[in-house]
Amino acid sequence: MPQGATAGSSRPPASAQAAQAAPVQGKEQRVTKQRLAVSAALDDLADFVSTQELYRILQERGTAVSLATSYRILQSLADDGLVDVLRNADGEAVYRRCAVTGHHHHLLCRNCGKAVEVEAPAVEAWAARIAKEHGFTAVEHTVEIFGLCPECTALQAGN
């Protein structure tokens, strides 16, 4: 993951609701202290976070959640559609509770980890057209755009 998850999201806390929400898919999850803690930590983060980073944050908060449990909970939240999961530039899975519901894409800063949610109707139309041209159905896609955010670009230009 690019350096540092940024705290202080403007999204309203949803940890209890998300942890108890009916799963979008998959089986119903038991609400545990660990699941609530992971969900609450995700609510406090503005950017994508790896499981290792989330585990470190939980440890710093004094929350007793093992690394293996953190992996299982994050995967469960992703399976249930409660968090977005993608691969960062290093190929590592990273997670985030996104403010946008429904299908969307991300611009990701490869320096600081800042993420911006974007809707891309042109990408959706292109994907549908390409799939149709080749006879594909039930198509899904993921588009993540990596670059430098304005702040990191300015810092880099100043050096």
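Residues numbered from 1 in each chain as written. Predicted model: local features only at pLDDT ≥ 70, side-chain atom pairs only at ≥ 80, totals over all residues. Heavy atoms only, no water.

*Asks:* I tried to follow the pairing of strand β5 (residues 115-118) on my own but got confused; where do I start?
*Replies:* Remark: a regular strand shows side chains that alternate across the two faces of the sheet. Here β5 shows one buried face, formed by Ala115 and Glu117, and one open face, formed by Val116 and Val118. From the end of strand β4 (residues 105-109) to the start of β5, which pair antiparallel, there are five residues, and Gly113 there has a positive phi angle of about 90°. (Buried < 20%, exposed > 50% of the residue type's maximum accessible area, 1.4 Å probe, protein only. Helix = DSSP H or I, 4+ residues; strand = E, 2+ residues; numbered from the N terminus. Pairing = 2+ DSSP bridges.)

*Asks:* Got a minute to help me understand the sheet that holds strand β1 (residues 49-50) in this structure?
*Replies:* The strands making up a sheet are joined through hydrogen bonds of the backbone, oriented either antiparallel or parallel. The strand order across the open sheet formed by three strands is β1-β3-β2, and the pairing between neighbours is antiparallel. Edge strands, defined here as strands with exactly one partner in the open sheet, are β1 and β2 (84-87). Across four bridges, the pairing between β2 and strand β3 (residues 93-96) is antiparallel. Bridge assignment links Val85 to a residue of β3, and that residue is Tyr95.

*Asks:* Help me out: how do you make sense of the nonpolar core in this one?
*Replies:* Counting residues in each nonpolar core, the largest one holds 18 residues, and the members touching the most others are Val38, Leu42, Leu54, Leu58 and Leu77. Among the elements of the structure, α2 (33-43), α3 (51-60), α4 (67-79) and β3 are those that each provide at least two residues to this core. Not counting chain neighbours up to four residues away, the residues in contact with Val38 comprise Leu54, Leu58, Val65, Ile73, Leu74 and Leu77. Listed in part, the six residues of the second largest apolar core include Leu86, Val94, Cys98 and Leu108. (Core = buried A, V, L, I, M, F, W, Y, C linked by side-chain atoms within 4.5 Å. Contact = heavy atoms within 4.5 Å.)

*Asks:* Quick question: what am I supposed to make of the side chain of His105 here?
*Replies:* Relative to the elements of secondary structure, His105 occurs in strand β4. His105 gets classed as buried once you look at its relative accessible area, which sits at 3%. A polar atom in the side chain of His105 sits 2.7 Å from the side chain of Glu124. Once residues lying within four places of it in the same chain are set aside, the contact partners of His105 are Val116, Glu117, Val118, Ala120, Val123, Glu124, His141, Thr142, Val143 and Glu144. (Polar contact = N/O pair within 3.5 Å; in protein donor to acceptor, adjacent residues only side chain to side chain.)

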